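Architecture and fold: a report
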Amino acid sequence: MNVLGISGTPRKNGNSDILLQHALRPFEEAGWEATLLRLRELTVKPCLACEHCTAHGSCALDDDMHLFYDAFRRCDALIVATPVYYRNVCAHLMAVMERHYGVREKRPLAGKPGGAIAVGRGSGGGQALTIDRIYTWMLSCGALCVPGELNGLTAVADEPGDVLRQEKRLRQARVLGENVMHVAERLRGT
Ligand SMILES: Cc1cc2nc3c(=O)[nH]c(=O)nc-3n(C[C@H](O)[C@H](O)[C@H](O)COP(=O)(O)O)c2cc1C
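The text that follows walks through the structure, step by step, so that each part is easy to find. (Residues numbered from 1 in each chain as written. Predicted model: local features only at pLDDT ≥ 70, side-chain atom pairs only at ≥ 80, totals over all residues. Heavy atoms only, no water.)

Some remarks on the overall build of the chain
To keep it simple, the criterion reads: Put simply, DSSP marks the helices as runs of H or I at least four residues long and the strands as runs of E at least two long, and each gets a number from the N terminus on. Atoms counted for the radius of gyration: C-alpha only. Globule rule: 2.2 Å times residue count to the power 0.38. The buried label applies to any residue whose accessible area, calculated with a 1.4 Å probe on protein chains only, is under 20% of its type's maximum; exposed applies above 50%, and partly exposed to all values in between. Contacts were defined at the residue level, with two residues in contact if any of their heavy atoms lie within 4.5 Å.
A count of helices and strands for the chain gives six helices and six strands. Along its sequence from the N terminus, the chain presents helices and strands in the succession β-α-β-α-α-β-α-β-α-β-β-α. A globule of 190 residues ought to have a C-alpha radius of gyration of about 16 Å, and the chain, at 16 Å, matches this closely. In terms of its C-alpha atoms, the chain occupies a principal-axis envelope of roughly 50 × 40 × 25 Å. Every one of the 190 residues in the chain was classed for burial, and the buried ones make up 50%. Once local pairs closer than 6 in sequence are excluded, the contacts in the chain between residues at least 24 apart make up 78%.

Let's talk about unusual backbone geometry
With phi around 60°, Asn13 is a residue other than glycine that occupies positive phi space. As for its position among the elements, Asn13 is in the loop between strand 1 (2-7) and helix 1 (15-29).

Observations concerning the packing of aromatic side chains
Basically, it comes down to this: Two rings from Phe, Tyr or Trp (for Trp, the six-membered ring) form a pair when their centres sit within 6.5 Å of each other. Planes less than 30 degrees apart are called stacked, planes more than 60 degrees apart edge-to-face, and all others tilted.
Taken as a whole, this structure holds three aromatic pairs when the rule is applied. For the ring pair Phe27 and Trp32, a centre distance of 4.9 Å and an interplane angle of 75° mean the geometry is edge-to-face. Exposure class is identical for Phe27 and Trp32. Each is buried.

Observations concerning the nonpolar core
Where a protein is soluble and globular, its nonpolar side chains tend to be buried together. As a reminder, the rule being used: Residues belong to a common nonpolar core when they are buried Ala, Val, Leu, Ile, Met, Phe, Trp, Tyr or Cys residues joined through side-chain atoms within 4.5 Å.
Among the nonpolar cores identified, the biggest contains 55 residues, and Leu19, Phe27, Phe68, Phe72, Leu93, Ile117 and Trp137 are the most heavily contacted of them. When sequence neighbours within four positions are dropped, the list of residues in contact with Phe27 reads Val3, Trp32, Ala77, Ile79, Gly177, Val180 and Met181.

So, the pattern of salt bridges
We apply this condition: Any carboxyl oxygen of Asp or Glu that lies within 4 Å of a side-chain nitrogen of Lys or Arg is treated as forming a salt bridge with it.
The tally for this structure, following the rule as stated, stands at 12 salt bridges. Among the ionic pairs, Arg174 bridges to Glu29, the shortest N-O distance being 2.7 Å. Of this pair, Arg174 sits in helix 6 (residues 167-188) while Glu29 sits in helix 1; the two residues are 145 residues apart in sequence, bridging distant segments of the chain. Take Arg174: its relative accessible area is 28%, and that puts it in the partly exposed class. The partner of Asp63 in a salt bridge is Arg99, and the shortest N-O contact between them spans 2.9 Å. Here Arg99 lies in helix 4 (residues 91-99) and Asp63 lies in the loop between helix 2 (52-56) and helix 3 (65-74), a separation of 36 residues in the sequence. Comparing Asp63 with Arg99, the two get one shared label, buried. Several salt bridges converge on common partners, so that one network encompasses Glu29, Arg174 and Glu178.

Details of the site of the ligand
Where we set the bar: Throughout, near means a residue has at least one heavy atom within 4 Å of the molecule or strand. Polar contacts, as used here, are pairs of N or O atoms within 3.5 Å; protein pairs need one atom able to donate a hydrogen and one able to accept it. Residues neighboring in sequence count only if both atoms are side-chain atoms. Throughout, the Shrake-Rupley method with a 1.4 Å probe supplies accessible areas, and for residues the shown protein chains are the sole cover considered. Each residue receives one of three labels: charged for Asp, Glu, Lys and Arg, nonpolar for Ala, Val, Leu, Ile, Met, Phe, Trp, Tyr, Cys and Pro, and polar for the others, Gly being one of them.
Not every one of the 17 residues close to the ligand is listed here, only the nearest: Thr9, Arg11, Ser16, Val84 and Gly125. Contact between the ligand and Ser16: an oxygen atom at 2.6 Å from a side-chain N or O atom of the residue. For the ligand, an oxygen atom lies 3.3 Å from a polar atom in the backbone of Val119. Taking 640 Å² as the accessible area of the ligand by itself, protein coverage stands at 81%. Taken together, the elements giving at least two residues each to the shell around the ligand come down to helix 1 and strand 4 (113-120). Here the shell around the ligand is composed, by residue class, of six nonpolar, seven polar and four charged.

See the structure below:
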């Protein structure tokens, strides 16, 4: 089985990326294949609303989004991680979320469980709102929203790597991964 990890941060060693890696570990330990797509290494443009997809069933833009279209189709579960920017997901991730529009009729994520991770520097910096944005997007795609220990995973951290000193958050990232994995396995009947 395959899990898709989407990392939104433009920063190397970003805190959201670190938590995502911890969330993916239970999958890897259970023998799943993990596909980790890091937006800092890729170019995904925002949707142009040209409606080429409505007429032809595919997106007119030529960039790295094809990797996500392929991964959406192949995955059995997904985990999405983002830094909080202005109490929302970062623009890099927003572009991917918008561009799902290009394959919406095929519903590649329908019925697949997903989890969300958001890291901001402020306590009450908009992490919960940002988790909400990701889960709302998942629901719009027909995906199933799975909680971690409480809801999605939120953390307060700023400089790259800061979250490595937060044992509790690293453990909670693992719990989020385990929960998403167990839902996927139950759905599969394994
Ligand atoms: C453009 C921008 C906007 C930001 N907006 C917020 C915000 O609204 N709330 C917050 O708590 N932190 C905000 N931050 C801080 C980042 O969320 C924080 O540094 C976080 O650790 C980034 O995640 P990363 O380490 O995965 O890159 C902002 C940072 C930038 C660059």
